[in-house]
Amino acid sequence: MMDLGPRRMTTEARREQLLAFGRRHFAEHGYEAMPMDAIADRAGVSKGLLYHYFGNQRGFYMETVRSVTDEVIAITEPPADQAFDQAFRVMVTRFVGYVQEHGAIYTALVRGGLGSDTEVNALLDRVRTTTMSRILERLGVRRPSALSQIAIYGWVSLIENGCAEWTTVGGASPSQLIDFFISAFEPVLEVLESQQCS
């Protein structure tokens with residue numbers, strides 16, 4: 001049991017504290033493993049406090065997931081003042097770093113019971129489509145072909161599932177993973193270039 005009980009905190013600070021607990025809880029136990037009162041007891045707060053901030057267990061669950069996907073989108077924003085190759089490496093490096101630090105909840109979202117939820121999948125897909133849009137924008141591709149979009153989306157899915165596998169089996173350093181993902185994008189660039197010329 002964690003003690004998140006009474007302390008003087010701002011509303012936003014308390015909410016963030018509860019969401020941080022939510023990440024740990026849902027990564028370990030999933031959504032349906034415990035009722036709301038058991039979750040509150042484990043967090044060391046009243047059930048009423050969780051209802052106050054999130055409405056119900058479903059609301060707590062969805063806000064926890066949203067906080068993770070929002071954070072991934074924010075962290076992986078490519079630097080605007082760098083050339084594409086450098087900014088692209090920064091984006092991939094930050095993504096791998098995030099997974100390395102938050103592997104439990106990441107893997108639960110991508111591969112666990114949480115990820116089988118249609119609303120959760122919509123939030124995860126927002127990460128994928130945001131990444132795709134950022135890449136296209138940085139490359140100056142305004143009207144990508146269907147094949148170009150499929151190629152980038154497939155590459156994003158490779159990173160997503162490759163990182164999930166990495167959290168499970170290990171055996172590769174972050175730098176090896178980053179280099180692999182970057183090299184795996186080269187065929188995607190070829191598709192983009194061929195489609196732009198056609």
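Because the structure is predicted, anything quoted here is derived from the model rather than measured.

Draft legend 1. Region of interest: the side chain of Q57. Locating Q57 in the fold gives a position in helix 4 (residues 57–75). Judged by relative accessible area, Q57 falls into the buried class, the value being 16%.

Draft legend 2. Expanded view of the side chain of T64. Note on placement: T64 falls in helix 4. Note on T64: relative accessible area 1%, which makes it buried.

Draft legend 3. Broad picture of the pattern of salt bridges. One pass over the full model with this rule turns up 11 salt bridges. With a shortest N-O distance of 2.8 Å, R23 and E71 are connected by a salt bridge. Of this pair, R23 sits in helix 1 (residues 11–29) while E71 sits in helix 4, and the two are 48 residues apart along the sequence. Taking relative accessible area as the criterion, R23 reaches 15% and is therefore assigned buried. Overall, E71 belongs to the partly exposed group, its relative accessible area being 27%. Across the pair E77 and R134 runs a salt bridge whose closest N-O atoms are separated by 2.8 Å. Of this pair, E77 sits in the loop between helix 4 and helix 5 (84–101) while R134 sits in helix 7 (residues 118–139); the two residues are 57 residues apart in sequence, bridging distant segments of the chain. According to the relative accessible area criterion, E77 is partly exposed, its value standing at 39%. Overall, R134 belongs to the buried group, its relative accessible area being 12%. Each of R15, E16, E63 and R66 takes part in one network of salt bridges that share partners.

Conventions and cut-offs
- Residues numbered from 1 in each chain as written.
- Predicted model: local features only at pLDDT ≥ 70, side-chain atom pairs only at ≥ 80, totals over all residues.
- Heavy atoms only, no water.
- Helix = DSSP H or I, 4+ residues; strand = E, 2+ residues; numbered from the N terminus.
- Buried < 20%, exposed > 50% of the residue type's maximum accessible area, 1.4 Å probe, protein only.
- Salt bridge = Lys/Arg side-chain N within 4 Å of Asp/Glu carboxyl O.

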